[in-house]
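Report on the structure
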Amino acid sequence: DLGSSWKSHYPEEKSWSRVSILGMNEEELKRNTQADEYIVQDLNAQPNLPYGSDSFDVVTCALSFHYLTQPLQVMREVHRVLKPGGAVVLLTSKECYQSKVINIWLRTNSLERILIYGSYI
């Protein structure tokens with residue numbers, strides 16, 4: 001779960017073997033009860049993911065992707081860490097911290113934002 005925090009947006013009943021979360025706030029990451037492990041990393045400063053190639057069946061990023069300043073590099077890394085046939089799930093909302101979100105997010109409507117996300121994949 002990239003850009004994670006105190007909560008990952010997964011079903012309560014765990015049906016997978018491992019959840020690794022990556023985010024910027026260690027105190028919040030420690031409180032995430034769905035995670036098996038956490039890594040503190042600012043993807044804007046360091047967009048390379050600290051995982052081996054072909055490590056995950058699914059990579060998620062819930063409510064954080066629109067804060068990334070290097071989204072294409074992060075998506076290249078997502079592709080690298082996904083197993084063949086793996087999936088990426090990007091969850092977004094029209095809500096955001098306007099002082100932190102990338103500029104294009106503030107200048108586009110909901111449909112345009114979907115197209116932006118689609119262009120990253």
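The sections below set out a description of the structure shown in this document.

A few words now on unusual backbone geometry. In this model, Asp 54 sits at a positive phi of 55°, which is unusual for a non-glycine residue. In this fold, Asp 54 is placed in the loop between β2 (37-40) and β3 (56-62).

Core analysis: the largest hydrophobic core is formed by 22 residues, its most contacted members being Leu 2, Leu 43, Leu 49, Val 59, Phe 65, Val 74 and Val 78. In terms of residue count, the dominant contributor to this core is helix α2 (residues 71-81) (4 residues). Beyond its immediate stretch of four places on either side in the chain, Leu 2 contacts Leu 22, Leu 43, Leu 49, Val 59, Thr 60, Cys 61, Ala 62, Ser 64, Val 74 and Val 78.

How two aromatic rings sit relative to each other is set out by the distance from centre to centre and by the angle between their planes. Counting across every chain of the model gives 5 aromatic pairs. The interplanar angle of 65° and the centroid separation of 5.6 Å between the aromatic rings of Tyr 10 and Trp 16 together place this pair among those described as edge-to-face. Their ring planes at 75° and their centres at 5.7 Å tell us that Phe 65 and Tyr 117 sit as a pair that is edge-to-face. Taken together, the positions of Phe 65 in the loop between β3 and α2 and Tyr 117 in helix α4 (residues 110-120) put the pair 52 residues apart, joining distant regions of the chain. Each member of the pair, Phe 65 as well as Tyr 117, is classed as buried. Chaining the aromatic ring pairs together yields one cluster made of Phe 65, Tyr 117 and Tyr 120.

It is worth spelling out the pattern of salt bridges at this point. Under the criterion given, the structure shown has 5 salt bridges. Among the salt bridges present, the one from Glu 27 reaches Lys 30, with a minimum N-O distance of 3.7 Å. With a gap of 3 residues between them, Glu 27 and Lys 30 both fall in helix α1 (residues 26-30), about one helical turn apart. Among the residues examined, Glu 27 registers a relative accessible area of 52% and is labelled exposed. Close ionic contact of Lys 83 with Asp 57 constitutes a salt bridge, the shortest N to O distance being 3.7 Å. Note that Lys 83 is positioned in strand β4 (residues 82-91) and Asp 57 in strand β3, a separation of 26 residues in sequence. Since its relative accessible area comes to 33%, Lys 83 is described here as partly exposed.

Each value, and the rule that gives it
- Residues numbered from 1 in each chain as written.
- Predicted model: local features only at pLDDT ≥ 70, side-chain atom pairs only at ≥ 80, totals over all residues.
- Heavy atoms only, no water.
- Helix = DSSP H or I, 4+ residues; strand = E, 2+ residues; numbered from the N terminus.
- Core = buried A, V, L, I, M, F, W, Y, C linked by side-chain atoms within 4.5 Å.
- Buried < 20%, exposed > 50% of the residue type's maximum accessible area, 1.4 Å probe, protein only.
- Contact = heavy atoms within 4.5 Å.
- Phe/Tyr/Trp six-rings, centres within 6.5 Å; stacked < 30°, edge-to-face > 60°.
- Salt bridge = Lys/Arg side-chain N within 4 Å of Asp/Glu carboxyl O.

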